[in-house]
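Residues per chain are reported as follows:
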Amino acid sequence: MSVYYLQTGSTDPAYNLAFEEYVLNHYRNGNIVILWQNHNAVIVGRNQNAEAEINRPFVEQHGIRVVRRNTGGGAVYHDMGNLNYSFITDAGDLQDRSATRFTGPVVQALRGLGLDAESSGRNDILISGRKVSGTAQQLLKGRILHHGTLLFDSDPEMIAGALNPDPTKFQSKSVQSVRSRVSNIRSALESDMDMAAFWAYLRESFTRSGMIPLSLSPAELSRVEALKTEKYDTWEWNFGRSPKYEICFKRRHGGGLLELHLSVSAGNITALKVMGDFLALTELAPLEEALAGCPYREDAIRSALAPLPFSQLLGSITQDEFITTLLNK
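Residues numbered from 1 in each chain as written. Predicted model: local features only at pLDDT ≥ 70, side-chain atom pairs only at ≥ 80, totals over all residues. Heavy atoms only, no water.

Focus on the packing of helix α1 (residues 13–26) against helix α7 (residues 218–232)
Taken N-terminus to C-terminus, the directions of α1 and α7 make an angle of 120 degrees; their axes are 8 Å apart at the nearest point. In terms of orientation, α1 lies oblique with respect to α7. Helix-helix and strand crossings are classified by hand; for α1 and α7 the assignment is right-handed. Counted together, A14, Y15, L17, A18, F19, E21 and Y22 of α1 and E220, L221, R223, V224, E225, L227, K228, K231 and Y232 of α7 form the full contact between these two elements. Here the residues of the contact of α1 with α7 are counted per class, giving ten nonpolar, no polar and six charged. (Axes fitted to C-alpha atoms, helices over the stretch in contact; angles between N-to-C directions. Helix = DSSP H or I, 4+ residues; strand = E, 2+ residues; numbered from the N terminus. Parallel < 35°, antiparallel > 145°, perpendicular 65-115°, else oblique. Left-handed = near helix turned anticlockwise from the far one by under 90°. Contact = heavy atoms within 4.5 Å. Nonpolar A, V, L, I, M, F, W, Y, C, P; charged D, E, K, R; others polar.)

Spelled out as structure tokens, the structure:
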């Protein structure tokens, strides 16, 4: 059966996820393959707590985007050494929706390069026992999206840094990412190839029954851009959907120890308790109450705190020091 093949023409993670969603929603017939890459990003699962999955100081220091996808599963790091694939097709019956239906062609393609590839667990692909791919799926009105990563030549230090939070800081009911040993495909190849060659090889392997190049019209691309802007670029989608969780940050500043206990629900601070050995001159209730209901993001926090007399509340601990502690920056 012929396969329609698309490329997004972008490395923007928000745009690429919008592109994929648009195709799933509007192309209701045939088998579709999309190959795409994201510039440095952490892509969190639909049901995950974004804050719990990222190392925020590292992510902000390195300019790594954080974007939530529509599918479940765990958080993954993307860079230009990673190649993503999407299969969109008719869902069929329940048996046809198993992950192995879709990981099979990927495993076969990797084996065609002389690699010891296999499917493992719910949604992983391994080479010589080490993870090179994680996958996820979405069912929509009789169509199914299966997409996955392929770690071809990603930076392992960036993967470890971006997805390396302290799990003892968080208490949450959200899905926790499975921390697995990962490896790059390129390092396992007997004969080296670059990303362009790997991309071309996969395109041929996935569409060898007959490839039909497909492009979205200018009007369709405008709708993709609108979906990107209205959904995948927004704090409300990427962080506001996070489930309720509790978090504690401690940091010692020149003015003393600052200990912050906060509860966050739907991306908003619902409760805050400020503790420490700083020299407060007044009750802390106005500070704690000022942030009740405030979105857990820097611009909103700064706006809420602007009227408060910090020198009276926290002694010589400054507003900037309080905010960097609260956001774990």
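Thoughts on the sheet that holds strand β8 (residues 124–127)
The eight strands are arranged β7-β8-β9-β10-β6-β2-β1-β12 in an open sheet whose pairing can be described as mixed. Where the open sheet ends on each side, the last strands, each with one partner, are β7 (117–120) and β12 (211–213). Taking the axes of each pair of neighbouring strands and ignoring which way they run, one obtains an average angle of 25 degrees across the sheet. Alignment of strand β1 (residues 3–7) against strand β2 (residues 31–36), held across five bridges, turns out to be parallel. Looking across to β2, one finds that L6 is bridged to I34. Together, β1, β2, β6 (82–90), β9 (130–140) and β10 (143–151) form the strand contacts of α1, whose direction differs from that of β2 by roughly 175 degrees. Sheet contacts for helix α4 (residues 100–111): β6, β7, β8, β9 and β10; angle to β7, the most-contacted strand, approximately 160 degrees. (Pairing = 2+ DSSP bridges.)

Looking at α4
Taking 1.5 Å per residue, twelve residues should reach 16 Å; α4 reaches 15 Å between its end C-alpha atoms and fits that length. Among all positions of α4, only F102, T103, V106, V107, A109 and L110 are buried. In a view along the axis of α4, the buried residues occupy a sector of 160 degrees, so they form one face of it. Away from the buried face of α4 by more than 90 degrees, exposed residues T100 and Q108 are located. Where α4 is buried, its residues contact β6, β7, β8, β9, β10 and α6 (195–206). (Expected span 1.5 Å × (residues − 1). Buried < 20%, exposed > 50% of the residue type's maximum accessible area, 1.4 Å probe, protein only. Arc of directions from axis to C-beta.)

With respect to the pattern of salt bridges
Per the counting criterion, the structure on display carries 18 salt bridges. Across the salt bridge formed by R56 and E51, the nearest N and O atoms sit 2.5 Å from each other. Residue classification places R56 among the buried positions, given a relative accessible area of 16%. In this structure, D192 and R186 form a salt bridge, with 2.8 Å as the shortest nitrogen-oxygen distance. Salt bridges sharing partners connect three or more residues here, namely E51, R56, E60, E298, R302, D320 and K329. (Salt bridge = Lys/Arg side-chain N within 4 Å of Asp/Glu carboxyl O.)

Re unusual backbone geometry
Of note in the backbone geometry, S128 takes a positive phi value of approximately 50 degrees without being a glycine. Residue K141 is not a glycine yet carries a positive backbone phi of 50 degrees. With respect to the element layout, K141 can be found in the loop between β9 and β10.

A closer look at the pairing of strand β15 (residues 268–276)
Two strands pair when backbone bridges link them, and strand β14 (residues 256–265) and β15 are joined in this way by eight bridges, in the antiparallel orientation. Along β15, the bridge assignment pairs V264 with I269. What sits between β14 and β15 in their antiparallel hairpin is a turn of two residues, with A266 showing a positive phi close to 55 degrees.

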